[in-house]
Structure formats: structure tokens, C-alpha cells
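Each chain is listed here by its residues.
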Amino acid sequence: MAETTPQTARVGFNVRARAGGSLACAHCEHDLPGTPTTYLSQVPRHVGPTREGGPMVFADPAVYVDAEIVFRQYYCPGCYTALHTEVVPASEPV
Ligand SMILES: [Zn+2]
């Protein structure tokens with residue numbers, strides 16, 4: 001169950017929704033655009049090879065799938081905390 005306070009509700013570990021519905025970074029309170037389902041497509045992001053996911057992402061995806069697999073990391077535009085990280089097919093919508 002989501003953690004709540006009178007002013008905000010946790011959308012994720014790094015994102016909170018204010019009482020009016022706008023989103024904010026849970027670390028620096030910077031306004032985030034969009035809604036809980038669209039903000040990732042509107043914040044700065046990095047796309048790179050899966051090895052950038054860290055030492056636990058060691059397998060070469062080409063051995064297992066034909067699709068191009070990428071590492072994506074999304075950042076708060078205020079403090080550049082990583083809001084979300086994923087390893088997905090390059091064709092996966094943001
Ligand atoms: Zn922030």
C-alpha cells in the first residue's frame with residue numbers, strides 16, 4: 001500500500017503526488033511534468049547499452065533475443081537523481 005501524508009502520496013520511491021495531483025521529486029521537491037503514467041516520457045533520460053545497468057546485468061542480450069535491448073535511466077530535472085531505471089527492448093515505448 002502506498003505511503004501517504006496529508007500533503008503528498010508516494011507514486012514511487014523517488015516521486016510524490018501533491019494534493020492537487022501534480023508530481024514532484026521526492027528528494028528535491030522539483031516539479032515533474034505529466035501524470036504518474038506519463039512523467040517518464042517528459043524528464044531527461046539516458047539510453048545506453050545494457051552493461052551500463054551495472055555488474056548484475058552481465059549477459060549479452062543478443063545471445064537470447066533478436067531485438068535490440070537497451071538500458072534506460074530517467075532523471076529528476078532538478079537534482080538529477082535517477083527516478084527510474086530499466087533494461088528493455090529499444091522498441092518499448094517510454
Ligand atoms: Zn530532484
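Residues numbered from 1 in each chain as written. Predicted model: local features only at pLDDT ≥ 70, side-chain atom pairs only at ≥ 80, totals over all residues. Heavy atoms only, no water.

Trainee: Mind laying out the overall build of the chain, listing which residues take part and the relevant values?
Mentor: Scanning the chain from N- to C-terminus turns up zero helices and seven strands. In the chain, the succession of helices and strands from N to C terminus is β-β-β-β-β-β-β. With the principal axes as the frame, the chain shows a C-alpha extent of 50 × 25 × 25 Å. Considering only residue pairs separated by 6 or more positions, the chain has 30% of its internal contacts joining residues 24 or more positions apart. Each charge sign in the chain was given a centre, from 6 positive and 9 negative side chains, and these centres are 7 Å apart. (Helix = DSSP H or I, 4+ residues; strand = E, 2+ residues; numbered from the N terminus. Contact = heavy atoms within 4.5 Å. Lys, Arg positive; Asp, Glu negative; His and termini not counted. Charge placed at Lys NZ, Arg CZ, Asp CG, Glu CD.)

Trainee: Can you break down the coordination of the zinc ion residue by residue, with the values?
Mentor: Distances from the zinc ion to its protein donors, namely Cys25 (SG), Cys28 (SG), Cys76 (SG) and Cys79 (SG), fall within the range 2.3 to 2.4 Å. In this structure, the zinc ion is surrounded by four donor atoms whose angles at the metal cover 103 to 113°, and the resulting shape is tetrahedral. Binding-site remark: the zinc ion is held by donors from one chain whose sequence spacing is C-x2-C-x47-C-x2-C. What makes Cys25 buried here is its relative accessible area of 0%. (Donors = N, O, S within 2.8 Å, 3.2 Å for Na, K, Ca; no water. Tetrahedral: all angles 85-135°; square planar, octahedral: opposite > 155°, others 65-115°. Buried < 20%, exposed > 50% of the residue type's maximum accessible area, 1.4 Å probe, protein only.)

Trainee: So, the sheet that holds strand β1 (residues 8–12): which residues are in play, and what are the values?
Mentor: Overall, antiparallel pairing links the four strands, which are arranged β1-β2-β3-β4 in an open sheet. At either margin of the open sheet sits one strand with a lone partner, and together these are β1 and β4 (31–32). Pairing of β1 with strand β2 (residues 15–18) involves four bridges; the strand directions are antiparallel. When the sheet's bridge partners are listed, Thr8 is paired in β2 with Arg18. (Pairing = 2+ DSSP bridges.)

Trainee: Describe a nonpolar patch on the surface, with residues and values.
Mentor: A surface patch of nonpolar side chains, about 330 Å² in accessible area, is lined by Val63, Tyr64 and Val65. By the element assignment, Tyr64 lies in the loop between β5 (45–48) and β6 (69–75). By relative accessible area, which is 63% here, Tyr64 ends up exposed. (Patch = residues over 30% accessible without salt bridge, like charges linked within 9 Å, V, L, I, M, F, W, Y side chains within 5 Å. Areas by Shrake-Rupley, 256 points an atom, 1.4 Å probe, with all protein chains shown as cover. Salt bridge = Lys/Arg side-chain N within 4 Å of Asp/Glu carboxyl O.)

Trainee: A description of the pairing of β2 should follow, citing residues and the corresponding values.
Mentor: Joining the antiparallel neighbours β1 and β2 is a turn of two residues. Across three bridges, the pairing between β2 and strand β3 (residues 23–25) is antiparallel. The residue of β3 that forms the bridge with Arg16 is Ala24. Between β2 and β3, which pair antiparallel and follow one another directly, the connecting turn spans four residues, one of which, Gly21, has a positive phi of 105°.

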